[in-house]
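Each chain, letter by letter, is given below.
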Amino acid sequence: MCSFAFICGQIVFSFALAATAAGLDPTSVIAFDLDRLDAAGLQGPPDGRRALDYEFCIPRGQGPRDQVAAIDPSAHFYPGSCGRSGCGPDQVLVLGNTHQPGYRAILLTLAALPFVTRIAEAVFE
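Small disclaimer: the values here were computed from a predicted structure and weren't measured.

> Got a minute to help me understand the state of the cysteines in this structure?
In protein structure, a disulfide is the covalent linkage between the sulfur atoms of two cysteines. On inspection of all chains with the given rule, the structure shows one disulfide. Covalent S-S linkage joins Cys57 and Cys87, the inter-sulfur distance amounting to 2.0 Å. Between Cys57 and Cys87, the S-S dihedral sits near -95 degrees, and the bridge is therefore left-handed. Of this pair, Cys57 sits in strand 3 (residues 53-59) while Cys87 sits in the loop between strand 4 (76-78) and strand 5 (91-97), placing them 30 residues apart in sequence. A relative accessible area of 8% places Cys87 in the buried class. Lacking any disulfide linkage, Cys82 is separated from the closest cysteine sulfur, that of Cys87, by 7.1 Å.

> Whenever I open this one, the pattern of salt bridges confuses me. Can you help?
Side-chain pairing between opposite charges can occur once the charged atoms of the two side chains come close. Following the criterion strictly, the structure yields three salt bridges and no others. Here Asp35 makes a salt bridge to Arg104, at a shortest N to O gap of 3.4 Å. On the criterion of sequence distance, the pair formed by Asp35 in the loop between helix 1 (4-21) and strand 1 (42-43) and Arg104 in helix 3 (residues 103-112) is long-range, its members being 69 residues apart. Its relative accessible area of 33% is what places Arg104 among the partly exposed residues. Across the pair Arg36 and Glu121 runs a salt bridge whose closest N-O atoms are separated by 2.5 Å. With Arg36 in the loop between helix 1 and strand 1 and Glu121 in strand 6 (residues 120-121), this residue pair connects regions lying 85 residues apart in the sequence.

> Is there a simple way to explain the environment of Gln91 in this structure?
Following the sequence through the fold, Gln91 ends up in strand 5. In this structure, the C-alpha to C-alpha distance between Gln91 and Pro59, residues 32 residues apart in sequence, is 4.4 Å. Setting aside chain neighbours within four positions, we find Gln91 in contact with Cys57, Ile58, Pro59, Arg60, Pro79 and Gly86. Among the polar contacts made by the side chain of Gln91, one reaches the main-chain amide nitrogen of Gly88 at a distance of 2.8 Å.

> Explanation requested: the sheet that holds strand 3 in the structure shown.
Neighbouring strands of a sheet are bound in pairs by backbone hydrogen bonds; such pairs are parallel or else antiparallel. Spatial ordering of the open sheet is given by 4-5-3-6, a layout of four strands whose pairing is antiparallel. The open sheet has two edge strands, strand 4 and strand 6, and neither has a second partner. Inspection of the sheet shows strand 3 paired to strand 5 by seven bridges, in the antiparallel sense. Note on strand 5: the bridge partner recorded for Phe56 is Val94.

> Is there a simple way to explain the pairing of strand 5 in this structure?
The side chains of a regular strand alternate between both faces of the sheet. Taking burial as the measure, the seven residues of strand 5 include five buried ones, the bulk of the element. For strand 4 and strand 5, the ladder comprises three bridges, and the chain directions are antiparallel. For Tyr78, the partnering residue across the bridge sits in strand 5 and is Leu93.

Cut-offs applied
- Residues numbered from 1 in each chain as written.
- Predicted model: local features only at pLDDT ≥ 70, side-chain atom pairs only at ≥ 80, totals over all residues.
- Heavy atoms only, no water.
- Disulfide = S-S within 2.5 Å.
- Helix = DSSP H or I, 4+ residues; strand = E, 2+ residues; numbered from the N terminus.
- Buried < 20%, exposed > 50% of the residue type's maximum accessible area, 1.4 Å probe, protein only.
- Salt bridge = Lys/Arg side-chain N within 4 Å of Asp/Glu carboxyl O.
- Contact = heavy atoms within 4.5 Å.
- Polar contact = N/O pair within 3.5 Å; in protein donor to acceptor, adjacent residues only side chain to side chain.
- Pairing = 2+ DSSP bridges.

The structure is reproduced here in structure tokens:
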């Protein structure tokens, strides 16, 4: 029997494949190197592996928010913050992380959304 996470991962992966087949290059929207992450979505030395946090802006409104939430279970929405991405007053900051099943397909699917123009690594101070 398939797990819920596996089924969701397959659905997200299908969206990423469709975007690639349509001639879109979602990797150009991702502003960090996906190859530095392992299969679990972690990076860093063996004794200090950690997830990569990322951020991007989406238009205000329930439609874009619902689309992102359906793709990325780690997504948190911050309508009052511009983040380092510099979200404007008509946008909402979204934060997520790579420590989740299917993180690569999730990022590629987010990057293929027409309203996502850049996904950057989130740096916390």
